[in-house]
Amino acid sequence: MAIVSHSTEHKYEVEHSKRYNATTFHKRADILRDPSLTPLAADPWADHDKLAQQPPLLQDGSRIKFLVIGAGHAGLIYSAQLVQAGFAAQDIVLVDTAGGFGGTWYWNRYPGLCCDVEGYCYLPLLEETGHVPTHRYSRGEEIRQNAEMVADHFGLRGMFCTKFLGAGWDEEQRCWTVALQRQLGARHEERNGVFTVRAQFLIATPGPVPNPSAPTLPGFGDFMREKAVWHTARWNYDYTGGSQDDPQMVNLKDKVVGIIGTGATAVQAVPELAKWAKHLYVFQRTPVYCGPHVQSETTPELWARVAKEPGWQYKRMENLDKFYSDDPDARPDDNWVDDGRTHYPAIAATFGSRRAKDLEPGKLTPWYPGWCKRPAYHATYLETFNRPNVTLVDTDGQGVQAYTRRGVVVGGLGDNEGREYPVDALVLATGYQVEGLGARAIKAGGGGDDGKHVIQQGYRGRGGRQFAEKWASPDFGTVLGQATNGFPNLFFQTMSNIGISGNSTPSYIQGGRFVAHVVKTAHVRAMAAKEAGEDCDTVVVEATKEAEDVWTGEVDKGADWFAGLGICAPTWFTGYQRLADKTPEERRGFRRHGLWPAGPLDYADIVNAYIQEGSLKGFSIST
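Residues numbered from 1 in each chain as written. Predicted model: local features only at pLDDT ≥ 70, side-chain atom pairs only at ≥ 80, totals over all residues. Heavy atoms only, no water.

Participant: Tell me about the overall build of the protein, and please be specific about residues and values.
Facilitator: Scanning the protein from terminus to terminus reveals 22 helices and 22 strands. For the protein, with 623 residues in total, the buried portion stands at 59%. Surface accessibility of the protein: about 24700 Å² in total, with carbon and sulfur atoms responsible for 50%. (Helix = DSSP H or I, 4+ residues; strand = E, 2+ residues; numbered from the N terminus. Buried < 20%, exposed > 50% of the residue type's maximum accessible area, 1.4 Å probe, protein only. Areas by Shrake-Rupley, 256 points an atom, 1.4 Å probe, with all protein chains shown as cover.)

Structure representation (structure tokens):
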């Protein structure tokens with residue numbers, strides 16, 4: 001754990017303030033919720049005609065046992081764990097606004113898309129499905145196809161192009177009343193509209209990056225009307241030419257293209273755009289660390305070494321997390337993945353580590369500047385800027401200032417005149433509205449997910465209490481980050497109070513195992529009671545207040561592990577916030593909403609022990 005000099009820390013504080021105080025810094029909007037950005041939000045991939053031909057899984061008045069909100073990796077894994085626990089696949093429906101399975105991998109199909117976590121660890125349930133990844137680092141199309149394969153393997157069904165509007169707990173019916181809205185386009189008006197269903201259990205798995213964002217600066221509306229603009233999560237192959245599997249963007253040969261952003265997405269898209277565009281402008285606010293990336297095909301020999309024994313994927317995930325979390329037991333000669341990320345212990349500053357157990361509060365201020373902006377790995381990103389048709393436009397931390405009908409304006413602060421960069425098309429590699437990840441990484445304690453990406457849509461628990469109100473209240477708490485008191489039969493996957501690393505898949509697996517165990521054990525007890533002559537046709541599972549206070553209190557105690565992140569210049573990763581602007585009560589709230597400070601391996605140990613114990617400690621069960 002490193003301590004940096006005061007002079008270096010001062011430099012980072014200067015950069016932090018420069019970006020945070022930029023006049024355009026907070027001028028960004030959610031393209032799914034801002035009506036002025038509706039053209040950017042359309043789904044380019046949904047096959048409405050095909051979906052309309054299929055009988056709807058749910059309609060007004062339907063009842064379902066498990067309703068899963070979100071059909072990405074988290075939703076698929078939680079659902080698969082339910083099936084593995086013995087519940088019938090036909091009792092599960094996954095709902096998603098997308099037109100298919102995959103979550104972020106459904107939406108993102110930009111050229112060059114590839115997961116920067118080794119696919120053997122990242123692609124879920126490989127051992128169960130028998131899928132062999134084509135490459136060591138899986139490409140986006142294969143990841144999406146693997147999601148579809150998981151759904152097929154476990155018999156999971158999705159209700160697509162369907163938006164979750166809200167849900168309320170019905171005490172009398174002992175279930176959730178859920179409002180949904182389907183939209184299959186103008187050609188299928190008879191299938192569109194709002195309808196209501198009842199679900200015994202709700203599982204919310206929206207993912208950490210559900211909603212793309214865009215910088216809404218002066219002139220943006222006029223610019224959009226004159227030029228082609230799209231977000232990387234809605235790539236416009238109609239304009240560029242090509243496709244995800246064959247990204248020959250021949251239509252760009254006579255086009256000047258701009259791309260805003262130099263994060264992990266842009267690192268992959270920029271080299272591909274540079275191959276085809278007449279000229280490419282890359283607008284940068286903050287440089288990104290970019291390390292080497294060595295791709296390889298999965299040969300039979302390599303696969304034999306990887307998948308060498310039963311349980312190989314879970315063991316490999318655990319080995320990877322040892323190095324992601326700078327685990328005390330991680331030995332250099334035991335590094336199975338052995339790539340750039342596994343030689344980067346600074347990542348533990350963001351996700352937690354078992355080393356946090358030995359941290360004395362107030363005695364040590366860790367500082368890991370390297371993880372302030374998510375590092376990227378790519379073979380050709382840096383050398384792309386040597387091409388004569390590529391220009392890096394460094395904005396000195398200020399970002400783009402405005403738009404004209406012709407292009408993008410940079411500079412123009414004070415008495416200086418800004419420079420206009422005319423473009424034919426603009427790509428927004430500008431990230432997401434990530435309330436969850438943002439609040440987690442605040443200065444003194446790794447504040448966590450504020451819950452908005454789960455709860456803006458209105459979960460109302462016992463007595464009509466809004467989930468959002470509890471999430472923001474002093475009595476916030478969870479049991480292992482999966483359930484909260486006052487909201488029976490509701491489970492969720494957010495970025496608060498859980499153990500997670502740079503590889504999200506193990507976190508989803510542990511959360512799914514925990515929820516499946518709780519629900520299954522509750523049903524087993526209910527069946528035993530029924531055999532004893534008790535009336536128990538329904539099962540209600542609810543986190544106790546005492547248990548959530550204990551768990552969240554432990555999160556609070558260990559939050560000093562994340563103290564060093566406050567030096568970071570604000571980005572989506574730090575929630576565009578700084579703790580210095582918060583009241584003491586707000587700072588306490590950030591601490592309580594943080595990740596499990598002891599990291600993903602310790603969290604997995606806790607889940608495993610809980611399941612092996614076979615109890616339902618921390619939950620009340622009624623039938």
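Participant: Any details on the environment of Lys 373? Residues and values, ideally.
Facilitator: Within the secondary structure layout, Lys 373 lies in the loop between α14 (348–351) and β13 (376–377). With 85 residues separating them along the chain, Lys 373 and Val 288 place their C-alpha atoms 6.7 Å apart. In contact with Lys 373, other than residues within four places in its own chain, are Thr 262, Gly 263, Thr 286, Pro 287 and Val 288. (Contact = heavy atoms within 4.5 Å.)

Participant: Kindly report on the sheet that holds strand β14 (residues 390–394), identifying the contributing residues and their values.
Facilitator: Strand order in the open sheet formed by 5 strands is β9-β18-β10-β11-β14, with parallel pairing between adjacent strands. Single-partner strands in this sheet number two, and they are β9 (228–231) and β14. Strand-to-strand twist across the sheet, computed as the mean angle between neighbouring axes with direction ignored, equals 20°. Of the strand pairs in this sheet, strand β10 (residues 256–260) and strand β11 (residues 279–284) are connected by 5 bridges, and their pairing is parallel. If you follow Gly 258 over to β11, its bridge partner there is Tyr 281. (Pairing = 2+ DSSP bridges. Axes fitted to C-alpha atoms, helices over the stretch in contact; angles between N-to-C directions.)

Participant: An account of helix α4 (residues 73–84) is requested, with residue identities and associated values reported.
Facilitator: Between its terminal C-alpha atoms α4 stretches 16 Å, which fits the 16 Å expected from 12 residues at 1.5 Å a residue. For α4, the set of buried residues is His 73, Ala 74, Gly 75, Leu 76, Ile 77, Tyr 78, Ser 79, Ala 80, Gln 81 and Leu 82. Looking one or two residues past α4, Gly 86 carries a phi angle of roughly 110°, positive in sign. (Expected span 1.5 Å × (residues − 1).)

Participant: Explain the sheet that holds strand β15 (residues 402–403) to me, and be specific about the residues and the numbers.
Facilitator: Reading across from one edge, β15-β16-β17 is the order of the 3 strands in this open sheet, with antiparallel pairing throughout. Each end of this open sheet is capped by a strand with a single partner; those strands are β15 and β17 (419–422). Note that strand β16 (residues 407–410) and β17 share 4 bridges and pair antiparallel. Bridge pairing in β17 places Val 410 opposite Arg 419.

Participant: Could you give an account of the nonpolar core, with specific residues and numbers?
Facilitator: Where a protein is soluble and globular, its nonpolar side chains tend to be buried together. Ranked by size, the top nonpolar core spans 113 residues in total, and within it Ile 259, Leu 280, Phe 491, Phe 514 and Phe 619 carry the most contacts. For this core, the leading source of residues is helix α19 (residues 505–531), giving 9 residues. Setting aside residues no more than four positions away along its own chain, Leu 280 makes contact with Val 257, Ile 259, Val 270, Leu 273, Ala 274, Asn 389, Val 390 and Thr 391. Core analysis: the next-biggest nonpolar cluster, separate from the first, contains 26 residues, Ile 69, Tyr 459, Phe 476 and Phe 492 among them. (Core = buried A, V, L, I, M, F, W, Y, C linked by side-chain atoms within 4.5 Å.)

Participant: I'd like a rundown of the packing of aromatic side chains, residues and numbers included.
Facilitator: The full count for this structure, using the stated rule, is 33 aromatic pairs. Seen in terms of ring centroids, Trp 303 and Trp 312 are 5.1 Å apart; in terms of plane orientation they differ by 80°. Their pairing is edge-to-face. In this pair, the class of Trp 303 matches that of Trp 312, namely buried. Put simply, the rings of Phe 164, Trp 169, Trp 176, Tyr 459, Phe 467, Trp 471, Phe 476, Phe 487 and Phe 492 pair up and form one aromatic cluster. Arg 109 extends its terminal NZ or CZ atom over the ring of Tyr 106, reaching a point 4.8 Å from the ring centre. Over the face of the ring belonging to Trp 107 we find Arg 234, whose NZ or CZ atom lies 3.7 Å from the ring centre. (Phe/Tyr/Trp six-rings, centres within 6.5 Å; stacked < 30°, edge-to-face > 60°. Lys NZ or Arg CZ within 6 Å of the ring centre and 35° of its normal.)

Participant: Explain the pattern of salt bridges to me, using residue names and the numbers behind them.
Facilitator: In this structure the tally under the stated criterion is 27 salt bridges. Note that Glu 226 and Arg 405 form a salt bridge whose closest N and O atoms lie 3.3 Å from each other. Of this pair, Glu 226 sits in helix α9 (residues 220–226) while Arg 405 sits in the loop between β15 and β16, and the two are 179 residues apart along the sequence. Judged by its relative accessible area of 46%, Glu 226 is partly exposed. By relative accessible area, Arg 405 is classed as partly exposed at 47%. For Glu 548, the salt bridge is made with Lys 470, and the minimal N-O distance between the two is 2.8 Å. Here Lys 470 lies in helix α18 (residues 467–471) and Glu 548 lies in helix α20 (residues 545–557), a separation of 78 residues in the sequence. (Salt bridge = Lys/Arg side-chain N within 4 Å of Asp/Glu carboxyl O.)

Participant: Outline unusual backbone geometry, listing residues and values.
Facilitator: Although it is not a glycine, Leu 125 adopts a positive phi angle of roughly 60°. You can see Leu 125 is positioned in the loop between α6 (119–122) and α7 (126–129). Taking the relative accessible area as the measure of exposure, Leu 125 reaches 1% and is therefore buried.

Participant: Break down the packing of α4 against helix α8 (residues 140–154) for me, with residues and values.
Facilitator: The description of two helices packed together rests on the angle between their axes and the distance between the axes. Put simply, α4 and α8 touch, their axes get as near as 10 Å, and they point 20° apart. Overall, the two elements α4 and α8 adopt an arrangement that is roughly parallel. Here α4 runs over α8; the crossing is left-handed. Taken together, the residues of α8 that come into contact with α4 (itself represented by His 73, Leu 76, Ala 80, Val 83 and Gln 84) are Ile 143, Ala 147, Val 150, Ala 151 and Phe 154. Its residues assigned to classes, the contact of α4 with α8 comprises 8 nonpolar, 2 polar and no charged. (Parallel < 35°, antiparallel > 145°, perpendicular 65-115°, else oblique. Left-handed = near helix turned anticlockwise from the far one by under 90°. Nonpolar A, V, L, I, M, F, W, Y, C, P; charged D, E, K, R; others polar.)

Participant: Account for the pairing of β10, naming residues and giving values.
Facilitator: Taken across its 5 residues, β10 has 5 buried, putting it largely inside the fold. What you see with β10 is no split at all: Val 256, Gly 258 and Ile 260 on one side and Val 257 and Ile 259 on the other are buried throughout. The handedness of the β10 to β11 crossover, carried by helix α11 (residues 264–276), is right-handed. (Right-handed = clockwise from strand over helix to strand, strands pointing away.)

Participant: Just give me the short version of the confidence of the model for the protein, but keep the residues and values in it.
Facilitator: Counting all residues, the mean pLDDT for the protein is 88, and 85% of those residues have values of 70 or more. Scored below 50 in pLDDT, residues 364–368 shows 23 contacts in the model against residues more than four places distant or in partner chains. In this model residues 435–457 is a low-confidence stretch, pLDDT under 50, and it forms 103 contacts with partners more than four residues away in sequence or in other chains. (pLDDT = per-residue confidence, 0-100.)

Participant: Tell me about the pairing of β16, and name the residues and values.
Facilitator: The sheet contact formed by β15 and β16 spans 2 bridges and is antiparallel. Bridging across to β16, Tyr 403 finds its partner in Val 408.

Participant: Describe α11, and please don't skip the residues or the numbers.
Facilitator: At 3.6 residues per turn, the α-helix brings residues three or four places apart onto the same side. Of all bends in α11, the biggest is about 30°, found at Val 270, and the proline Pro 271 comes one to four residues later. Across the 13 residues of α11, 10 count as buried, placing the element largely inside the fold. Burial in α11 covers these residues: Ala 266, Val 267, Gln 268, Ala 269, Val 270, Pro 271, Glu 272, Leu 273, Ala 274 and Trp 276. (Bend = angle between axes of the 7 residues up to and from the residue.)

Participant: Quick one: what's the story with the side chain of His 131, residue by residue and with numbers?
Facilitator: Mapped onto the fold, His 131 is located in the loop between α7 and α8. Relative accessible area serves as the criterion here: at 15%, His 131 is assigned to the buried category. Setting aside chain neighbours within four positions, we find His 131 in contact with Leu 123, Leu 126, Glu 142, Asn 146, Met 149 and Trp 303.

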